Structure formats: C-alpha cells, structure tokens
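Observations on the three-dimensional arrangement
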Amino acid sequence: MTNEGLIAIAAAIAVCAGMFTALGEGLTASKAVEAVGRNPEAEDKIRLMMIVGCGITETVAIYGLLIAFILLFIF
Amino acid sequence: MHITIQPEIVSSLIITAFLCVLCVVLGKKVEQADPLGKPSYVVLAVESVLTMFQNFFHTIFPNQKMETRLSPYFSMLAVFIFLSNISGLFCLESPTSNFSITLTLALITFTMIQLTALKKKGTFKYIKELIWPPTNILSALAPLISLSMRIFGNIVSGSILMSLVYLATGYLSGLLFSFIPINIVAPFITPVLHAYFDVFAGFMQTFIFVTLSSVYISMEV
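Residues numbered from 1 in each chain as written. Chains lettered and ligands numbered in written order. Predicted model: local features only at pLDDT ≥ 70, side-chain atom pairs only at ≥ 80, totals over all residues.

Quick look at the overall build of chain B now. Along chain B, the regular secondary structure elements total 7 helices and 0 strands. Starting at the N terminus, the α and β elements of chain B follow one another as α-α-α-α-α-α-α. Here chain B has a C-alpha radius of gyration of 22 Å; the compact-globule value for 221 residues is 17 Å, and the former is much larger. Dimensions of chain B, computed from the C-alpha atoms along their principal axes, are close to 75 × 60 × 40 Å. Sorting the 221 residues of chain B into buried and exposed places 22% on the buried side. Within chain B, contacts between residues at least 6 apart in sequence are counted, and of these 69% link residues at least 24 apart. (Helix = DSSP H or I, 4+ residues; strand = E, 2+ residues; numbered from the N terminus. Rg over C-alpha atoms; globule rule 2.2 N^0.38 Å. Buried ≥ 20, exposed ≤ 12 C-beta atoms within 10 Å, placed from the backbone. Contact = placed C-beta atoms within 7 Å.)

Encoded structure:
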C-alpha cells in the first residue's frame, strides 16, 4: 500500500516553515530601510548586516524545504 | 558497469572551460594595454568589475592579509555561480540545480572555515570547542547544509516553476490556437518570469552565497 497522498500532505506542511520566515525577513528589511533613512551614510554596513541577517533567518525555511525534498524523493 | 553522465556536470565543465579561455584572453588584453593611454572598452569593463569586487570585499574582510589572499577566490566563485545560475537561458542545464555541485561549493567554504578556526585557536582548543558542549558539532555543520540547500532550492524551484508555466501555456495555446502547431502563448508571458527567476534570483543567490561564505570565514578570525 502506498501513501503518496499522505507524503504530499506532509511535504506541504513541512514547507509551511516558510510562513514565519517570510514575516521575519520582511521585518528585517523594514528595519534596515528605517535605519538607512535615519543614517544614510551607513548604507553599506547596513546592507551587509541585512543580508547576513536575512540569510541566517532563511535557514529555517531551508530546513523545511530539505525535509519536503526528503519526503518527496526518498520515501 | 553503469555510468550516468549527468547533464549538469557537462554544463559545469563547459562553463569552466569558457571561463578559462575568457580569463586568458582578457589577461593578455590587459597586459598589452597602455597604462597611460586611454583604455579600450574591454579593458575598462574588466577594470570596473575588478574594482567593484575589491570595494565589496574591502568592507567584509577584517584585515589586509585576508583580503589579498581570499578575494581572488571569492571573485571567481561569484562569476562561476552567476554564470551557472543564468546558464538556463543559454540552453544548458543549470549546474547549480544539481545538489552535488552546490554541496561541493559549500564543502570548500566549510573546509576554509574549519581551517581558519584551527589556525586561530590551536589544535587542543579547537577540538575542545568543537565537541564541548556537543551542540557545537551541529552549529559547525549548519553552514554546510544551509549554504548548499539555499542556492539549490532557489534554482530548482525556479526551474520547476518555469517548466510548469511552459506546460500551462502549451496547453492553453493548444486549446485556443489549435491551428498553429507551436506554443504561441509562452513568448508573451515567460520573458518577465525568466528575468525574475533566472537573472534576478540568480544574481541575488550569488551575492548571498559569496557574502555569507566570506562573513562566516571572517567571523572565525
């Protein structure tokens, strides 16, 4: 008996990790825009920090994606 | 014996050969250029790209020695990843949509991080900080997974979405313009999506990969 439908549902639930990651990245970007508005000459440093912060925040979504891939292709 | 030659490996070899030839030719051109005269278009383009990379790495690396040692590698890495990401536009399979290749790129970064930490801390302290507390092993392995999966996931999801769009437009054109044998709806919809998924996302992923790897390495110093 195959459980393909259940596996597809599980993969979709795993990708839901991206939901709050999107929220967090939006917050990061909005704060960076505010910071550049207050202090325009620090733009380079702020951009670097924003990219690093976004990258580390994104890790959670990537783990969700990894689990979804494992569910879809290995099971 | 069964050997499978994956198309991504072939296209990565093609890109590498292209970059080698390009670098040799451009190097000859720059050597022959007159330093006091007016630069030609090619030399000017090479110089401005190089200056862009130098300015970018100057803001990341903490000291001059690391900058001179590591920035050539990261510049070449950025060029390679960007060409790989947009190679879907030139009828090649994108090498970064194969997990082996992104894992290789992330392994290079991982090795460099660990070697830098080993050099900085000394053998005994390095091993002690690696295994105690035990969660440090996980945090040492995290960059490997997150760096490789990030670029792989982005490029693969882009190409899957593009193939879905091509399927849908093919179905639509078969339904509406059944007297024309080719897919006629796609050229009106897909160029914008190609510009987003291939060029923009490819550029952003290159930027993020190079920035994160160099920041991870310079955090250990």
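Another aspect to go through is the confidence of the model for chain A. Considering every residue of chain A, the mean pLDDT works out to 88; 99% of them sit at 70 or more. No element of chain A has a lower mean pLDDT than helix 3 (residues 43-73) of chain A, at 85, and none a higher one than helix 2 (residues 18-38) of chain A, at 93. (pLDDT = per-residue confidence, 0-100.)

For the rest of this paragraph, the subject is the environment of glutamine 6 of chain B. Inspection of the secondary structure assignment puts glutamine 6 of chain B in the segment before helix 1 (7-32). Put simply, glutamine 6 of chain B and proline 95 of chain B are 89 residues apart on the chain and 9.7 Å apart in space, counted from C-alpha to C-alpha.

Where helix 3 of chain A contacts helix 6 (residues 135-176) of chain B, the two axes come as close as 9 Å, and the packing angle between them is 70°. Considering their axes alone, helix 3 of chain A and helix 6 of chain B lie roughly perpendicular with respect to each other. Contact with helix 3 of chain A, carried on its side by Glu58, Thr59, Ile62, Leu65 and Leu66 of chain A, involves Ile145, Ser146, Met149, Arg150 and Gly153 of chain B of helix 6 of chain B and no other residues of that element. Classifying every residue of the contact of helix 3 of chain A with helix 6 of chain B by side-chain character gives 5 nonpolar, 3 polar and 2 charged. (Axes fitted to C-alpha atoms, helices over the stretch in contact; angles between N-to-C directions. Parallel < 35°, antiparallel > 145°, perpendicular 65-115°, else oblique. Nonpolar A, V, L, I, M, F, W, Y, C, P; charged D, E, K, R; others polar.)

Where helix 3 of chain A contacts helix 7 (residues 186-219) of chain B, the axes come no closer than 10 Å and their chain directions differ by 95°. Judged by the inter-axis angle, helix 3 of chain A sits roughly perpendicular to helix 7 of chain B. In this structure, helix 3 of chain A uses Leu48, Ile51, Val52 and Gly55 of chain A to contact helix 7 of chain B, whose residues at the interface are Ile208, Thr211, Leu212 and Val215 of chain B. Residue composition of the contact of helix 3 of chain A with helix 7 of chain B, by class: 6 nonpolar, 2 polar and no charged.

This paragraph deals with the interface of chain A and chain B. Reports of interface size often rely on the accessible area that becomes lost once the parts have come together. Contacts between the two partners involve 10 residues from chain A and, on the opposite side, 11 residues from chain B. For the side of chain A that touches chain B, a count of residues per class yields 6 nonpolar, 2 polar and 2 charged.

Among the nonpolar cores identified, the biggest contains 21 residues, and Leu65 of chain A together with Phe209 of chain B are the most heavily contacted of them. Of all the secondary-structure elements, those providing two or more residues to this core are helix 3 of chain A together with helix 2 (41-60), helix 3 (64-86), helix 4 (99-121), helix 6 and helix 7 of chain B. Residues within four places of leucine 65 of chain A in sequence aside, it is in contact with Val15 of chain A together with Met149 and Gly153 of chain B. (Core = buried A, V, L, I, M, F, W, Y, C linked by C-beta atoms within 7 Å.)

Quick look at the environment of isoleucine 86 of chain B now. Residues and elements named next belong to chain B. Structurally, isoleucine 86 is set in helix 3. According to the C-beta neighbour criterion, isoleucine 86 is partly exposed, with 18 such atoms within 10 Å. Between the C-alpha atom of isoleucine 86 and that of asparagine 136, which follows or precedes it by 50 residues, the distance is 36 Å. Setting aside residues no more than four positions away along its own chain, isoleucine 86 makes contact with Asp198, Val199 and Gly202.

It is worth spelling out helix 1 of chain B at this point. All names here are of chain B. For helix 1, spanning 26 residues, the distance from its first C-alpha to its last is 38 Å, which sits close to the expected 38 Å at 1.5 Å a residue. Taken together, the buried positions of helix 1 are occupied by Glu8, Ser11, Ser12 and Ile15. Buried residues in helix 1 make contact with helix 3 and helix 4. (Expected span 1.5 Å × (residues − 1).)

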